[in-house]
Amino acid sequence: MELTVNGDGLVRRGGWILLLTVASVLFTWALGCAMPVAALAAVAALHMRVRDGLMLMAVTWLASQGVGYGFLDYPQTPSSFAWGAVIGVSGFAALAAASGAAALVRRAGWLLAAGAAFMAAFVAYEAVLYAASAFLPSSASTYGWPVIAWVLQVNALAYGLFLVLQRLLVSRTGFLTVADALRRLHVVSPKYDRSAGR
């Protein structure tokens, strides 16, 4: 069992999970009820080991539920708890979909892999929520285009921010030089490298 990568890999990977969790909680807090599940799943699919991605989804879901029930006054009812569980399941479905999509198009380049991962994650996330609405109380407007568009915008914004964080802040030393940042953004070298930034 490998515990470290490049000497401090375990600490760096844990720090990255913590950073994304804090950012996700801030999104949840600021927007009331909008954990960026698809964004997290897509970033994890592109830049994390499977185990780390699973841990990220679990930890951010727990943190988001803690903020919701502890500070945002989510209703403490059976249906609210059930919807919370469904959101957790949707996170794992989004991660699986994002990982599969990124793997399918990875050779076509990083940008295509990043787009495919995000769209697959978002579709899987929404599909799980929609399927659960057949069994759990919800309103028809919850799945109207205005709500879906808003959730997509929140996730797209979070995804962009998470990718910037990953590309510019995560490195062996914690920060990148301009040349390293350009290389990681594939301005210097267009070749996609999954291991970059771990």
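Residues numbered from 1 in each chain as written. Predicted model: local features only at pLDDT ≥ 70, side-chain atom pairs only at ≥ 80, totals over all residues. Heavy atoms only, no water.

Caption draft 1: Summary view of the packing of aromatic side chains. If you walk through the whole model with that rule in mind, you get 5 aromatic pairs. Taking the centre distance of 5.1 Å and the plane angle of 45° together, the rings of Tyr69 and Phe81 count as tilted. Of the two residues, Tyr69 is situated in helix H3 (residues 50-70) and Phe81 in helix H4 (residues 78-105); the sequence distance between them amounts to 12 residues. Overall, the relative accessible area of 45% leaves Phe81 in the partly exposed class. Chaining the aromatic ring pairs together yields one cluster made of Phe118, Phe122, Tyr125 and Tyr159. (Phe/Tyr/Trp six-rings, centres within 6.5 Å; stacked < 30°, edge-to-face > 60°. Helix = DSSP H or I, 4+ residues; strand = E, 2+ residues; numbered from the N terminus. Buried < 20%, exposed > 50% of the residue type's maximum accessible area, 1.4 Å probe, protein only.)

Caption draft 2: Representation of the packing of helix H2 (residues 37-47) against helix H5 (residues 110-132) in the model. The interhelical angle for the contact between H2 and H5, taken along N-to-C directions, is 140°, at an axis separation of 8 Å. Classified by the angle their axes make, H2 and H5 are oblique. The crossing of H2 and H5 is right-handed. Residues Val37, Ala38, Ala39, Ala41, Ala42, Leu46 and His47 of H2 pack against Trp110, Ala113, Ala114, Ala117, Phe118, Ala121, Phe122 and Tyr125 of H5. Residue composition of the contact of H2 with H5, by class: 14 nonpolar, 1 polar and no charged. (Axes fitted to C-alpha atoms, helices over the stretch in contact; angles between N-to-C directions. Parallel < 35°, antiparallel > 145°, perpendicular 65-115°, else oblique. Left-handed = near helix turned anticlockwise from the far one by under 90°. Contact = heavy atoms within 4.5 Å. Nonpolar A, V, L, I, M, F, W, Y, C, P; charged D, E, K, R; others polar.)

Caption draft 3: The arrangement of the side chain of Ser80 in detail. Within the secondary structure, Ser80 sits in helix H4. In this structure Ser80 touches Tyr69, Tyr74 and Pro75, once residues within four positions along its chain are discounted.

Geometric descriptors of this kind do not, in isolation, establish any biological role.
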